[in-house]
Amino acid sequence: MSAPLRPRPAAPQGPAVLGASATSRLLTVGVVGAGRVGAVLGAALAAAGHRVVAVSGNSGASRARLALLLPEVPRRPVAAVAHAAADLLLIAVPDDRLAAVVADLAERGVLHPGQIVAHTSGAHGLAVLGPAVAAGARPLALHPAMTFTGTPDDLARLDGMSYGVTAPAELRALAARLVTDLGGVPEWVAESDRPLYHAALAHGANHLVTLVNEATDRLRDAGVSRPEKVLAPLLRAALENALRLGDDALTGPVSRGDAGTVQRHLARLAETAPESVPAYLALARRTADRAIAAGRLRPVDAQSLLGVLADNAREVAA
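Just so you know, these numbers come straight off a predicted model, no measurement behind them.

Overview of helix α4 (residues 95-108)
Here comes step 1: Along its 14 residues, α4 runs 21 Å from first to last C-alpha, staying within 8% of the 20 Å computed at 1.5 Å per residue.
Here comes step 2: Those residues of α4 that fall on the buried side of the exposure criterion are Leu-98, Val-101, Val-102 and Leu-105. Projected onto a plane normal to the axis of α4, the buried residues spread over an arc of 100° and lie on a single side. Among the exposed residues of α4, those oriented more than 90 degrees off its buried face are Asp-96, Ala-100 and Glu-107.
Here comes step 3: Of the surrounding secondary structure, the elements contacted by the buried residues of α4 are β1 (28-32), α3 (78-84), β3 (88-91), β4 (116-119) and α5 (130-134).

Below, the structure written as structure tokens:
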């Protein structure tokens, strides 16, 4: 693991009104939600010199994370954390809980005029922070494009990481500074594009985990005792090539239009793991579409393959 972020000098004590100087001074911060993301980002902000004064989190897992990452920061109820966060309140809760947490804090009257209320949700932009804005706070969406374990190892992975940031014009400089303090790079995402941005990340990362585990299971079905050893070099090469070459990295039977091979795949999958057939069909069809569009597969060579995929899709739907 690389060295942790170097602490800066301690932040000044007490609240302050955020103005133009906010982009150069250290902030008094509270963190709502000691899940994997909140605990790690809170620790990173503290390592950058910001004064993290309170954090919420009641589960056993949250307490364990805080003991590792923010051992000197007191745990407080959510409302108390919001009240103590004179400059920045970071809300790191699940997407579907975010609106209710923001509305509750606004209703309790614990938010401060001029206070920045930021969330870490990729799916939401600034609209979900409307109740906080009505209470005088300033909104910021700050989503780290990374998976987290909630351990100190995550701090080493923050360097160079991208953050999907949505911010009003007057907060863009401060948002960029916060991302820099976290060791990251801002990617500016428009409010209307937040769902598409998050869908892309979920499609790429979350579905990749499912795809890898599907491949692992099918190799076990085929009698391979250590499927991870077989897959690791293949998948690493495929990922690196895809990121570098785009659709030109595509190989395999679909890119060649090998209809017979794909039909044999589907027949055996139907016998062994029928639950895998719909996903295989959907991905094979999308792969064929992209291969044709990229000029990797000629339409004339794709006809038999597309027929196999269509016939099997009809069988699954029947």
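The discussion continues.
What to know about the pairing of β1
Here comes step 1: In terms of residue burial, β1 counts as a mostly covered element, since 5 of its 5 residues are buried.
Here comes step 2: Of the two faces of β1, the one holding Thr-28, Gly-30 and Val-32 and the one holding Val-29 and Val-31 are both buried throughout.
Here comes step 3: Strand direction decides the pairing type here: β1 and strand β2 (residues 51-56), joined by 5 bridges, are parallel. Bridging across to β2, Gly-30 finds its partner in Ala-54.
Here comes step 4: This β-α-β element, β1 to helix α1 (residues 36-47) to β2, shows right-handed connectivity.

Topic: the packing of aromatic side chains
Here comes step 1: For the structure shown, the criterion picks out 0 aromatic pairs.
Here comes step 2: Seen from the ring of Trp-188, Arg-172 lies directly overhead, with NZ or CZ sitting 4.0 Å from the centre.

Looking at the environment of Gly-49
Here comes step 1: With respect to the helices and strands, the residue Gly-49 is situated in the loop between α1 and β2.
Here comes step 2: Spatially, the C-alpha atom of Gly-49 lies 53 Å from that of Ala-273, the residues being 224 residues apart in sequence.

What to know about the environment of Pro-94
Here comes step 1: Tracing the backbone through its elements, the reader meets Pro-94 in the loop between β3 and α4.
Here comes step 2: The spatial distance from the C-alpha of Pro-94 to the C-alpha of Arg-268 is 39 Å, given a sequence separation of 174 residues.

Topic: the nonpolar core
Here comes step 1: Counting residues in hydrophobic clusters, the biggest one holds 35 residues, and the most contacted among them are Leu-45, Leu-88, Leu-140, Leu-158, Tyr-163 and Val-165.
Here comes step 2: Take this core: its biggest share by element is 6 residues, from α1.
Here comes step 3: In terms of nonpolar packing, the next biggest core, distinct from the first, is built from 21 residues, Val-32, Ala-85, Val-101 and Ala-137 among them.

A few points about the sheet that holds strand β7 (residues 185-188)
Here comes step 1: In space, the 7 strands of this open sheet follow the order β2-β1-β3-β4-β5-β6-β7, with mixed pairing throughout. Bordering the open sheet on either side are β2 and β7, each of which pairs with just one other strand. Sheet twist, expressed as the mean angle between neighbouring strand axes with direction ignored, is 25°.
Here comes step 2: Alignment of β3 against β4, held across 4 bridges, turns out to be parallel. Counterpart to Ile-91 in the pairing with β4 is His-119.

Overview of helix α8 (residues 194-221)
Here comes step 1: Taking 1.5 Å as the rise per residue, α8 with 28 residues should run 40 Å; its terminal C-alpha atoms sit 40 Å apart, in good agreement.
Here comes step 2: At Leu-208, α8 is deflected by roughly 30°, the largest bend along its length.
Here comes step 3: Among all positions in α8, only Arg-194, Tyr-197 and Thr-216 are buried.
Here comes step 4: Looking at the buried side of α8, the elements it contacts are β4, β5 (138-144), β6 (162-166) and α9 (227-245).
Here comes step 5: Taken from the residues just after α8, Gly-223 is the one with a positive phi, measuring 95°.

Parameters and conventions
Residues numbered from 1 in each chain as written. Predicted model: local features only at pLDDT ≥ 70, side-chain atom pairs only at ≥ 80, totals over all residues. Heavy atoms only, no water. Helix = DSSP H or I, 4+ residues; strand = E, 2+ residues; numbered from the N terminus. Expected span 1.5 Å × (residues − 1). Buried < 20%, exposed > 50% of the residue type's maximum accessible area, 1.4 Å probe, protein only. Arc of directions from axis to C-beta. Contact = heavy atoms within 4.5 Å. Pairing = 2+ DSSP bridges. Right-handed = clockwise from strand over helix to strand, strands pointing away. Phe/Tyr/Trp six-rings, centres within 6.5 Å; stacked < 30°, edge-to-face > 60°. Lys NZ or Arg CZ within 6 Å of the ring centre and 35° of its normal. Core = buried A, V, L, I, M, F, W, Y, C linked by side-chain atoms within 4.5 Å. Axes fitted to C-alpha atoms, helices over the stretch in contact; angles between N-to-C directions. Bend = angle between axes of the 7 residues up to and from the residue.

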